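# Geometric and topological summary
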Amino acid sequence: MKRLMMLGPPGAGKGTQAQKLVEAFEIPQISTGDLLRAAKRNGTELGKQAAPFMDNGKLVPDALVIGMVKERITLPDAKNGYIFDGFPRTRTQSEALDEMDVVLDHVISIEVSEPELIRRLAGRRSCKECKAVYHLEFAPPTKADTCDKCGCSPLIQRSDDQPAKIKQRLIEYAAETSPLIEFYQGKGILVQIDGEGDPKEIKKRIQSALGT
Ligand code: AP5
């Protein structure tokens, strides 16, 4: 059983690196952002309740997110472990993990400067069908505006990647989530990773820090 968590500000590369670790460890990525966006798209009750928070760059209330995660980790693909991407994001969420008897092996904190975060978020594009993630400058698709994986076009920009929303998400991160760095450091399970540079290099840094 391996339980990892990707921690870091918006645009740090949590999703990008979690995807790489999925292949390396053969355990699923559990991205609360992806789950909430799917709930929104599908018009579920959870999606309707989460939408106004997400659309304004605010955190979704703890109770909604915790309930969603509780359910997700009982699915069969999670029986050998998982990589949390974007959860927990508040002290209440981390306490909820304790109540679920979920013990994290490592918390991977990805560190990136604010100007670089803004560049990454502003240039991010994704496929509306298969959800593959690109960057206009750093990770462009082979054919302009077309997904390499499924051929879908055009690629889309996330609604919360607009400048005003990015600013709000960074404020939420600083207030609610960044205190978790010290919290998990205190537990002795925090791994701090320089998140700038080639994504493949960053993956190597993570694996070497985890001793794998
Ligand atoms: P979520 O989807 O989790 O967004 P986020 O944390 O803001 O993180 P991002 O997905 O924006 O960035 P990332 O770190 O994954 O970076 P990525 O790899 O894509 O959450 C969205 C919303 O949902 C929240 O605002 C909130 O409302 C709600 N929510 C979610 N979880 C919640 C929770 N637990 N509690 C309450 N609310 C919750 O990379 C970004 C870009 O950079 C890409 O274009 C990529 O190609 C590029 N890139 C990646 N690595 C590199 C690199 N090394 N060099 C250059 N470019 C790179």
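Here we summarise the structure given alongside this text. (Residues numbered from 1 in each chain as written. Predicted model: local features only at pLDDT ≥ 70, side-chain atom pairs only at ≥ 80, totals over all residues. Heavy atoms only, no water.)

### Section: the overall build of the chain
For clarity, the cut-off: Segments assigned H or I by DSSP are reported as helices when at least four residues long, segments assigned E as strands when at least two residues long, and all are numbered from the N terminus. Per-residue accessibility, obtained with a 1.4 Å probe over protein chains only, is compared with the maximum for each type, and a residue is labelled buried under 20%, exposed over 50%, and partly exposed between these values. We call two residues in contact when some of their heavy atoms are within 4.5 Å.
Looking only at helices and strands, the chain has nine helices and seven strands in total. In terms of overall dimensions, the chain has a C-alpha envelope of 45 × 40 × 35 Å along the principal axes. In the chain, buried positions account for 46% of the 212 residues. Look at the contacts in the chain between residues 6 or more apart in sequence, and 66% of them connect residues 24 or more apart.

### As for the state of the cysteines
For the record, the criterion: Any cysteine sulfur atom paired with another within 2.5 Å is treated as part of a disulfide.
The full count for this structure, using the stated rule, is zero disulfides. Unpaired in terms of disulfides, Cys127 finds its nearest cysteine sulfur in Cys150, a separation of 3.5 Å. Its relative accessible area of 2% is what places Cys127 among the buried residues. Cysteine Cys130 shares no disulfide, and the gap to the nearest cysteine sulfur, in Cys147, comes to 3.6 Å. Cys130 sits in the partly exposed class, given a relative accessible area of 34%.

### Here's the deal with the side chain of Glu116
Among the structural elements, Glu116 can be located in helix α6 (residues 114–123). Excluding residues within four positions of it along the chain, Glu116 makes contact with Phe138 and Glu196.

### Observations concerning the site of the ligand
Note the following rule: For each residue, the test is whether any non-hydrogen atom lies within 4 Å of the molecule or strand; if one does, the residue is near. In short, Shrake-Rupley with a 1.4 Å probe defines the accessible areas, and a residue's cover is counted only from the protein chains shown. Each residue is assigned to one of three groups, with Ala, Val, Leu, Ile, Met, Phe, Trp, Tyr, Cys and Pro labelled nonpolar, Asp, Glu, Lys and Arg labelled charged, and all others, Gly among them, labelled polar.
Around the ligand sit 35 residues, and of these Thr16, Lys58, Arg89, Arg124 and Arg169 come closest. The protein chains hide 95% of the 1,000 Å² of surface that the ligand would expose on its own. Elements that contribute at least two residues to the shell around the ligand include exactly α1 (14–25), α2 (32–41), α6, β6 (133–135) and α9 (199–210). By residue class, the composition of the shell around the ligand is 15 nonpolar, eleven polar and nine charged.

### Thoughts on the nonpolar core
What tends to happen in soluble globular proteins is that the nonpolar side chains get buried as a cluster. As a reminder, the rule being used: Side-chain atoms within 4.5 Å link the members of a nonpolar core, which is a set of buried Ala, Val, Leu, Ile, Met, Phe, Trp, Tyr and Cys residues.
Grouped together as the largest cluster of nonpolar side chains are 28 residues, with contacts concentrated most on Ile73, Phe84, Leu104, Val107 and Tyr184. If you list the elements that add at least two residues to this core, you get β1 (2–7), α3 (45–55), α4 (62–72), β3 (81–85), α5 (91–99) and α8 (179–186). Per element, the largest residue contribution to this core is four residues, and it comes from α4. Once residues lying within four places of it in the same chain are set aside, the contact partners of Tyr184 are Met5, Pro88, Ser94, Leu104, Val107, Ile189 and Leu190. Of all hydrophobic cores here, the second largest spans 20 residues; its members include Ile110, Ile193, Ile202 and Ile206.

### Structural notes on the packing of α2 against α4
Cut-off, in case you're wondering: Here an angle of 0 to 180 degrees is reported between the N-to-C directions of two axes, which are lines fitted to C-alpha atoms, with helices fitted over the stretch in contact. By the definition adopted for this analysis, an angle is roughly parallel if under 35 degrees, roughly antiparallel if over 145, roughly perpendicular if from 65 to 115, and oblique otherwise.
At a closest axis distance of 11 Å, the pairing of α2 and α4 adopts a crossing angle of 100°. Viewed along their axes, α2 and α4 adopt a mutual orientation that is roughly perpendicular. Two secondary-structure elements touch here, α2 through Thr32, Leu35 and Leu36 and α4 through Val65, Met68, Val69 and Arg72. Residue classes in the contact of α2 with α4 are distributed as five nonpolar, one polar and one charged.

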